[in-house]
Amino acid sequence: MAVEVAEALEAAIGELRTALGTEYVMTDFHQRAIRTTNTSPMGLHQWKDLLPDVVVMPASTAQVAAVVKIANKFLIPITPRGAGAGLADGATPMKRGIIVDIKRMCDILEIDDEDMTVTVQPGINMQELNKVLRPLNVWFPDDPASYPVNVLGGRIGAGGWSLLGTGYGHVPDLVCSMEVVTPTGDIIRVGAGGGRKIRKSSVGYRLKDLFIGHQGTLGICTEVTLDLAPRPQAQLPVFFATRSWEDAHRMTLAFNRSGIRCLSGVVMFDEAKVEFLRRDDEAWIPLPEWVNSAVATICYGTSVELEAVKSSIFDIGAANGGVYMGQEISEGDWASRHDRYHLAYHGRSDGTIRLMSWSCEDAAITWSQLPTVKRRWYEIAEALVAKHPEHFDIWGMFMYTGNPFRPWGDFLTEIDIGVNELEMTPEIWADWVEAKTQIARVSVECGGSVSAAHGGTREGEVDVACYEELKDGQFDLMKRIKKMLDPNNIMNPGKYHLDEAYEDEETA
Amino acid sequence: MSQQLSSKPFYDEKIEGTIIPLPLIKDCYAVFACRHKFCREVCPVYQDDRDESHTSYGFHTALLGISQGMGELADIRETITNCLECGACELRCPNTLFGGDFYGASTTTVDLVRKVRRDLVASEIGFEKYEEIVATVDRYIAYFEGPEGDLTKWADGLNLATSGETMLFVDYFNAFETTDIPRNAAKILTAAGVDFGILPRPGATLGELLDVNLETFVEMGRHNVAALEQAGAKRVIIINPHDYTYFTRDYTTHIGELPFEVVFITDVLEELTNNGQIVFGEATASEVFSKVSYHDPCTLNKICGITESPRSIIGKLPGVTYIDVTPVEQWSYCCGKGNASFKTLHPDTSYKIGAKRLQAAADLGVSQLVLACPHCKDQLTDVGARSGVAIEPVHILTLVAQAMGLD
Ligand SMILES: Cc1cc2nc3c(=O)[nH]c(=O)nc-3n(C[C@H](O)[C@H](O)[C@H](O)COP(=O)(O)OP(=O)(O)OC[C@H]3O[C@@H](n4cnc5c(N)ncnc54)[C@H](O)[C@@H]3O)c2cc1C
Ligand code: SF4
């Protein structure tokens, strides 16, 4: 580290301690190391290079604003961090600097069960929030597979997708308004109306959307008012097994067109996913040999409503080659949605056990393009595994309905790949990044988006996201907005190639 | 029955400075790479300070970081003290929940924390307030070497035998700090017609030893096993749930299979009430309206999986209305004292965790919180007095003795 940089950092740390208290400004290696990674594979060889310089844990909006002002004064980068369970590397600091861990800000500020909102600080987890809401018979229905771990700030930073979004909406649909500390340390409120609770207004620009899904590049959310929903009276999970993925694919179209309003999600499992779960997942309920793919549907509503649609659901399944697997399997599969994801220990098809971590692509693809995307993705993944059989393993695909409030149109399309991080080398990592790039490119070539849930900032997909998906003027506009709001490039630099916004200046 | 799925012999290999043994690296990686981080929200310490370095993820990842050349053992001397050794994270970890049996690789944070603390001691680095822990250990060990009869003073006037096929094991905390608990246990068993004896000189069963001095813990354990065997024990009844974990997990790991059956007192009482050897009287007027809940001690609930028998006994107590909080919900609770050293290491956090637990009981609208652990009783009585939360912590044996008319 150059002398001036080191001096600036030391001075900044001194001011941070004055602003937050010594206890909440942490420089020990382990405090920094545990907050470097997120939940997508990294390759342990990269870890050391990504360590931040200091971690702070503010307790209030004023403290967050103070941190941002200090960062601007000393030109030290900031990376906001929620639960650190994102899958887009958003909370991983690319330019060292300050990690702002917001998990101490976890208070519930107001519950309004008449206008149906809850106002919270960004460090609260959804499961904990819903425990408090339960006695009022309302819930906050954002339900990612990472529900027990994420915090609201991270959900907003990622612009996340919910398993129940088809019924209840996704994160961008569930935020009424927010308080944001901007990259220059100003405190603003985004959202409509004189209060915090208006969902639909035609006044002004839709600035709220700008501050959702920006991966911490445009500011730090310090308070949010969320939309609540009545807690559903009943749920109806139905699990159909099919003999082919084509049957499963066809069945989902029939569900898309069914007009069933309480349908809150449809999930397809492909052949490789069924095979993976058979060999590797203790929680997986054994299915007969003939089962090759599957479709799971979930309805939420009143008991009367669900009783009325039951037979339509079964009819659609049966008419499209689906065999209903019974109540126990249906309920068991749905209940394990949050827990099923990945352990490091893995059984491989050759019977050996490997320590591998989970990588998850999450493109948004329209229904008609799914067969093409599936075929092309497997070609890429299989070539990667053939080249590095000890380092990668294919864990199959899921496809979930992705359109908010409606079951038709786009699908969050996930291919899961096991990655041997412990034994990663720079050369193998380069091949991995190349495969990811190709996967992302297929998504965009097929008219889709690189990411439906996690964000498109990871190495491998970020080039495709910025230069291909957002090429028709959007990426340029993003850079102009970034530079306008963050003149010093303080907020999460290195993400989404937004550093390019400042390059002209540097060259000049 | 203890529910430990994985015992990790490689924990015996010491961490030296920056060198982490390879099997431990892989073990830490398995927690790091799981990345669900379910271990956080369930952790009573994290719930209080929201600092993920004080969680299973934090401890395992810090060690993995050392293995990658980012730091050394001494760097984590403070952080590693921030664990109650309660076991919640072990249960909530997907490696245990979904992989435990399948891959034989459950997460064992409690053992890891103890191991790291011991390695710090062995490396002469120590940790904050280490001396206070050693002083506590020395104070208790002195009882072992003290005058004959001191260790059984709690039983004065009860005329208990010192041998028998059934032995009641009474630890030093109960023997000196909460004497009504072993006295009630002895009175109840006698009234139920159980023939049993007690050891005149039991060895120390201190969790603190697992944090600082495994050799003495094992030495004392060997003494206990031999003395109980010599006394003719076929069945050993334990009244301190911390001891139950030491006998069923730590003695079996470090000493070997035990030559007798080990049972917890509430399991025994459940048997005795079911077969009619214990009969409760009618409720007295003052008892009729008591509304109670039950606090699962971490050691029983999270480490040993004993949750049914205390509930079953409370359910049979005359005049008691019982409000349950499920054992799984109580994974995220703790009285705040921790399994061994925590209260000494972090008295403020310990108090806050305890006050939160009492408040959760108060929110249920109960007047008493029933306990099955002397440490929880001691801690929550203390916390109740300081916080003013109007809940009476009461030991289950007190209620049973009362209901049997034993005073
Ligand atoms: C097992 C598993 C399953 C998953 N399933 C889903 C799923 O079903 N749906 C889905 O959408 N995602 C899923 N994810 C991905 C992921 O957890 C989310 O996208 C989530 O939103 C991240 O939240 P976090 O609190 O962990 O945030 P972090 O990882 O800490 O941060 C995410 C981003 O938000 C930024 N950020 C954090 N706090 C703030 C703030 N206060 N203000 C502004 N920006 C902020 C960060 O800088 C970062 O860019 C899954 C992850 C895992 C591990
Ligand atoms: S054992 Fe208990 S206190 Fe320690 S890390 Fe696990 S959950 Fe937290």
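Quantities reported herein were computed from a predicted structural model and do not represent experimental measurements.

Next up on the list: the overall build of chain A. On a plain count of helices and strands, chain A comes out with 18 helices and 20 strands. A compact globule built from 508 residues would reach a C-alpha radius of gyration of about 23 Å, and chain A, at 23 Å, matches this within 12%. Overall size of chain A, expressed as C-alpha extent along the three principal axes, is 70 × 60 × 45 Å. By the burial criterion, 62% of the 508 residues in chain A qualify as buried. Across chain A, every contact between residues at least 6 apart in sequence was considered, and the portion connecting residues at least 24 apart equals 72%. When the accessible surface of chain A is split by element, carbon and sulfur atoms take 52% of a total near 19,000 Å².

Turning our attention to the sheet that holds strand β3 (residues 78–81) of chain A. Residue and element names in this part refer to chain A. With mixed pairing, four strands are arranged side by side in an open sheet as β1-β2-β4-β3. Strands with a single pairing partner mark the edges of an open sheet, and in this sheet they are β1 (25–26) and β3. Here three bridges tie strand β2 (residues 54–56) to strand β4 (residues 98–101), and the two strands are oriented parallel to one another. Across the sheet, the residue bridging to V56 is V100, located in β4.

Our next topic: the domain arrangement of chain B. By a frequent convention, interface size equals the accessible area lost on bringing the separate parts together. Residues and elements named next belong to chain B. Annotation of chain B at the domain level lists domain 1 (9–122), domain 2 (130–274) and domain 3 (290–403). Across the contact, seven residues belong to domain 1 and nine residues belong to domain 2. Where domain 1 abuts domain 2, roughly 740 Å² becomes buried across the two surfaces, and 41% of that area is made up of carbon and sulfur atoms. Looking only at domain 1, the three residues that lose the most surface to domain 2 are R114, R118 and V121, adding up to 67% of its buried area.

Neighbouring residues of ligand 1: 36 residues in total, closest A:P80, A:G82, A:A85, A:W161 and A:Q215. Surrounding ligand 1 is a set of residues that belongs to chains A and B. At a separation of 3.4 Å, an oxygen atom of ligand 1 approaches a polar backbone atom of A:G90. A:R155 places a side-chain nitrogen or oxygen 2.9 Å from an oxygen atom of ligand 1. Here ligand 1 loses 98% of its free accessible area of 970 Å² to cover by the protein chains.

With that out of the way, let us pick up helix α14 (residues 241–254) of chain B. All names here are of chain B. The first and last C-alpha atoms of α14 sit 19 Å apart over 14 residues, in line with the 20 Å expected at 1.5 Å per residue. A maximum bend of about 30° is found in α14 at F247. Most of α14 is tucked away, with eleven of its 14 residues classed as buried. The set of residues buried in α14 consists of P241, H242, D243, Y244, T245, Y246, F247, T248, R249, D250 and Y251.

Our next topic: the environment of B:C34. The topology assignment puts B:C34 in helix α1 (residues 22–34). By relative accessible area, B:C34 is classed as buried at 7%. For the pair formed by B:C34 and B:R77, sequence separation is 43 residues and the distance between their alpha carbons is 25 Å. Leaving out residues up to four positions away in the same chain, B:C34 has contacts with A:H342, B:Y29, B:P94 and B:N95.

Attention shifts here to the sheet that holds strand β15 (residues 323–324) of chain A. All names here are of chain A. Spatially, β15-β12-β14-β13-β19-β20-β18 is the arrangement adopted by the seven strands of the open sheet, whose pairing is antiparallel. Unpaired on one side and paired on the other, β15 and β18 (357–366) mark the two borders of the sheet. Two strands pair when backbone bridges link them, and strand β12 (residues 234–242) and strand β14 (residues 293–301) are joined in this way by nine bridges, in the antiparallel orientation. Within the sheet, the bridge partner assigned to A241 lies in β14 and is A294. Against the sheet, helix α13 (residues 327–335) engages β12, β13 (263–269), β14 and β15, with an angle of about 105° to β12. Against the sheet, helix α14 (residues 370–387) engages β13, β18, β19 (392–401) and β20 (410–419), with an angle of about 165° to β19.

In this section: the interface of chain B and chain A. Across the contact, 44 residues belong to chain B and 54 residues belong to chain A. Both faces considered, chain B and chain A share a buried interface measuring about 4,000 Å² in area, 61% of it formed by carbon and sulfur atoms. When the area that chain B buries against chain A is broken down by residue, the three leading residues are B:R35, B:M70 and B:Y103, summing to 19%. One can count two salt bridges joining chain B with chain A. B:D51 is the partner of A:R35 in a salt bridge, and the nearest nitrogen-oxygen pair spans 2.8 Å. For the side of chain B that touches chain A, the secondary structure elements donating two or more residues are α1, α2 (38–41), α3 (44–49), α4 (56–67), α6 (94–97) and α7 (100–103) of chain B.

On to the packing of aromatic side chains. As enumerated under the stated definition, the model contains 27 aromatic pairs over all chains in all. Each ring, one from A:F392 and one from A:W432, has its centre 5.4 Å from the other, and the planes form 20°; the classification is stacked. Placement of A:F392 in strand β19 and of A:W432 in helix α15 (residues 426–445) is noted, with a sequence separation of 40 residues between them. On the basis of an interplanar angle of 50° and a centroid distance of 5.9 Å, the ring pair of B:Y29 and B:F32 is categorised as tilted. Note that B:Y29 and B:F32 are positioned in helix α1 at a spacing of three residues, about one turn of the helix.

What follows deals with helix α8 (residues 109–122) of chain B. Taking 1.5 Å as the rise per residue, α8(B) with 14 residues should run 20 Å; its terminal C-alpha atoms sit 20 Å apart, in good agreement. Buried residues dominate α8(B), accounting for 13 of its 14 residues.

What follows is about unusual backbone geometry. Leave glycine aside and you will find that most residues have negative phi; peptide bonds, for their part, are mostly trans. Phi is positive for A:Q215, close to 55°, though the residue is something other than glycine. Note that A:Q215 resides in the loop between α9 (207–210) and β10 (220–227). With a phi close to 60°, B:E124 is a non-glycine residue in the positive phi region. Looking at where B:E124 falls in the secondary structure, it is placed in the loop between α8 and α9 (130–145).

About the cut-offs
Residues numbered from 1 in each chain as written. Chains lettered and ligands numbered in written order. Predicted model: local features only at pLDDT ≥ 70, side-chain atom pairs only at ≥ 80, totals over all residues. Heavy atoms only, no water. Helix = DSSP H or I, 4+ residues; strand = E, 2+ residues; numbered from the N terminus. Rg over C-alpha atoms; globule rule 2.2 N^0.38 Å. Buried < 20%, exposed > 50% of the residue type's maximum accessible area, 1.4 Å probe, protein only. Contact = heavy atoms within 4.5 Å. Areas by Shrake-Rupley, 256 points an atom, 1.4 Å probe, with all protein chains shown as cover. Pairing = 2+ DSSP bridges. Domains from an automatic or database assignment. Buried area = accessible area lost by both parts, 1.4 Å probe. Near = heavy atom within 4 Å. Polar contact = N/O pair within 3.5 Å; in protein donor to acceptor, adjacent residues only side chain to side chain. Expected span 1.5 Å × (residues − 1). Bend = angle between axes of the 7 residues up to and from the residue. Axes fitted to C-alpha atoms, helices over the stretch in contact; angles between N-to-C directions. Salt bridge = Lys/Arg side-chain N within 4 Å of Asp/Glu carboxyl O. Phe/Tyr/Trp six-rings, centres within 6.5 Å; stacked < 30°, edge-to-face > 60°.

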